Amino acid sequence: MDIVLITTVIASLFVVIGVAEPLAARLRLPYTVILAILGSLIGVAAIFFLRTELTDALNPVAEAILGLPIRSNVFLYVFLPTLLFQATLGMNLRRMLDDWVPILVLAVVAVVVATLSVGYALAWASALPLAACLLIGAIVSTTDPSAVVSIFRSISAPRRLARIIEGESLLNDAAAIALFGLFMGFVMLGMPDPNLGDALARFPLLIAGGAFTGWLAARIAIWVMVLFSQFELALISVSVALPYLAYIGAEQSIGASGVIAVVAAGLTLNLAGPGRLPPQAWANLRELWGVLAHWAGALIFILAALLIPRLLEEVRIGDFVLIGVVILAAVAARALILFALMPLLTRLRLSPPVERPYRVAILWGGLRGAVTLALALAVTESFRVPGDIQRVVGILATGFTLFTLLAQGTTLRWVIGRLGLDRLSPIDEALSRQVVAVALQTVREDVARTTENYELSHDIVRAEAKRFGERLEGAVRTAEDRVDILDRDRVTLGLIALAGHERDMIIAKVRERTISARMAEQVLSDADRLIEGARSGGRSGYNRAARRSVAYGRGFRAVDLLHSRFRLSGPLSRMTADRFERLLSQRLVLRDLGSFIDSRIRRIHGRRLADLLHELLARRVETVETALQGLRLQYPGYAEELQRRFIRRTALRLEEREYAAIREDGLIGAEVHTKLMEGLAARRAAAEERPRLDVALERTELVRQFPLFSGLDEPSVKRLGRAFRTRYANDGDVIIRKDSPPKSVFFIASGAVEVQSAGQTWRLGRGEMFGQMAILLERTRRFEVRAIAPSTLLVLDEARFRRLLARNKALQTAVRASAEKRGIEPDELFSEGDDPTADMDRKRG
């Protein structure tokens, strides 16, 4: 075939891609539906012009279109890795990890349920062997969530819901293609009724092998990319090779799932890339992959749609009945997941509550697309699959895909409108009216100043001011006449606005390199949790998310256990350094939020809400300062290094701005500016290096901070530091439970705790201890101790505490004072033989 003609056809397909997006927006239809329709029309037109006798002029074009090398391998080895890899890079993975349980359960369970439902329904309704029926079930169990997700975003649906749908769809495709490969093998081997237990037992091996291959390939790629970090194009080129090598390596080398390998490679790069690669290179890499995935997704739809006429050439009347069976079984399986499993996960607190209208929209928005057609094409091309099975698989998969695209896709927006999901809630409507009124007042003031500066005609200014004033009066009247927003809802809206502005500030500071790229994903995830917490739980949800942002996570506790038990300090050093930098970034942003409350929120919601938000913000600042104080006590030298690093990075940012301003003023040329920026880039690379944290000195440094141990010599301090065990407690954690046996004494290095005993409550802070009374009185603990702030505690067992008490006079005085404060006679704390002061008196006597 003529290369010029092929190039012309492919270039024309890109024109179709460019036209499809504005056409979809104009017709208010999903983009993928428009692509499928255009592709099908092109395929039908090519067949028509090739077979008609009206004209032969278009025969070469029609032959070129129908002769395109469209094979299943092109979809599976070229387009599919691109789509999956970009999807993983575009995810907010840290937020996805918050919902990994519903995503994983919905993805894997949904695929298995859909495969079994469709497979057994077809086996009952047709004469096909069970293996072929299950193969069809795996083919049609893939979903394309792009349409419903895009509509959810346009109607301000909960972000968490859209995120779960995206994550579920990504793993759904991976699991479905893995099952497809499994049942395809049974069909090609001629096993009509495979042992389902053995088949499903092999499924985890496909997943695990693919995941390991993808992780290993990504780690090697990251190592190479770090070596090439100064050469951005080389770095991006390595990223382009990564998904294809991972896919081929898994499929051809170890017989595992190539799709899972691509997903694992993308997730690994998404996690490690921001901290290991230059920020600008990482941004450009993701942007390039966005373009590649857009082209790949569009081409896979158009090319697959070109095949639809060919796949439906041998359709029979009885096939429509089987298509109906597939539709009913697939919809029933999806409904079972949405209306039975999802509510169960919500009751178990593993998934956010999803309202019924949203579940109906997800059910109707479960479109199928190019992946389904590509898998069906792979079956029709295989010479090892019997011809009758090839025909049925192609027709059923194509018919079901057309139903979802033409019936569900074209009516999805109408269904969402009927469900009422496209209308603002009463709260949002009231808020929008108030925002319009306040915004117009600000605009009027700004316009008045502008007209004064430009000395415009007074008659024109007066006429326009009158017209604008009428609009303003109408907006104010509308805002005042309607039902006012409840105080509770007003607080929720104010918190959402505050958290949204916090997120915008984080993005701005990442761009100006005040916050490092390593921390960008973490602090942005914290801001997203604040927004979602305020939306779902109001003030309490916002406070829970705020506490979580400074809390010690499970990962931190795990690496602390590794350090304590096995002396593995590397993971703890990295996570502690991350926590240090994360808290500093939070403090940097929080201190600038007050002006936003005064300038914006006060004008829309009033002074009362502004004062409440200032109070909540002050508490957050105090909590962050408390957590930072604990780290500074442990690592005073490291805190100073981070502050120096922040100053250097700020100076470099200001220096870059000055060079840009001088360049714009024409005082230096392009050559001089380029040379200056090269030197600046070298200094910035050095400033971005985070200082290394040594956790070995942790407990010794903490011991030195306690006034109780100020009288100890250096060898005693080091011995005591080795004897102590460090414990981290979050706000709300129970440290000592009532009626538990006394085993340890706790010293508060940072934070605060609350003690509850006999109906009384008192608080202890830094430098104080608790748990000693129960040990000395040899009684079961009759109190409960709970952390009221992120706290760092030093724990000493009973035997070491008694030895320390016997030789430390400051500790004895503190114990006696604590006993008197609680109404306990100090002499009751020590038996005659154990009283350390009595022992010392006998020695002196």
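Parameters and conventions
- Residues numbered from 1 in each chain as written.
- Predicted model: local features only at pLDDT ≥ 70, side-chain atom pairs only at ≥ 80, totals over all residues.
- Heavy atoms only, no water.
- Pairing = 2+ DSSP bridges.
- Helix = DSSP H or I, 4+ residues; strand = E, 2+ residues; numbered from the N terminus.
- Patch = residues over 30% accessible without salt bridge, like charges linked within 9 Å, V, L, I, M, F, W, Y side chains within 5 Å.
- Areas by Shrake-Rupley, 256 points an atom, 1.4 Å probe, with all protein chains shown as cover.
- Salt bridge = Lys/Arg side-chain N within 4 Å of Asp/Glu carboxyl O.
- Lys, Arg positive; Asp, Glu negative; His and termini not counted.
- Charge placed at Lys NZ, Arg CZ, Asp CG, Glu CD.
- Buried < 20%, exposed > 50% of the residue type's maximum accessible area, 1.4 Å probe, protein only.

Caption draft 1: Expanded view of the pairing of strand E7 (residues 784-787). With two bridges connecting them, strand E2 (residues 734-736) and E7 associate as antiparallel partners. Among the inter-strand pairings, Val734 is bridged to a residue of E7, identified as Arg786. Bridge analysis of strand E4 (residues 753-757) against E7 gives four bridges, and the strand direction is antiparallel. Note that in E7 the partner of Gln756 across the bridge is Glu784.

Caption draft 2: Looking closely at a positive patch on the surface. Residues Lys718, Arg719, Arg722, Arg803 and Arg807 make up a contiguous surface patch of positive charge. Only helix H30 (714-723) and helix H32 (798-807) provide two or more residues apiece to the positive patch. Among the elements that make up the positive patch, the one with the highest residue count is H30 (three residues). Its location among the elements puts Arg803 in helix H32.

Caption draft 3: Expanded view of the sheet that holds strand E8 (residues 791-797). Read across the open sheet, the four strands follow the order E1-E8-E3-E6; overall the sheet is antiparallel. Where the open sheet ends on each side, the last strands, each with one partner, are strand E1 (725-729) and strand E6 (769-770). Where strand E3 (residues 744-750) lies against E6, two bridges are found, and the strand directions are antiparallel. Following the sheet pairing, Phe747 is matched in E6 by Met769.

Caption draft 4: Broad picture of the pattern of salt bridges. On inspection of all chains with the given rule, the structure shows 22 salt bridges. Residue Arg763 is joined to Glu754 by a salt bridge in which the shortest nitrogen-to-oxygen separation is 3.3 Å. Residue Arg763 is classed as exposed on the basis of its relative accessible area, which comes to 58%. Judged by relative accessible area, Glu754 falls into the buried class, the value being 17%.

Take it as geometry only, folks, not as evidence of what the structure does.
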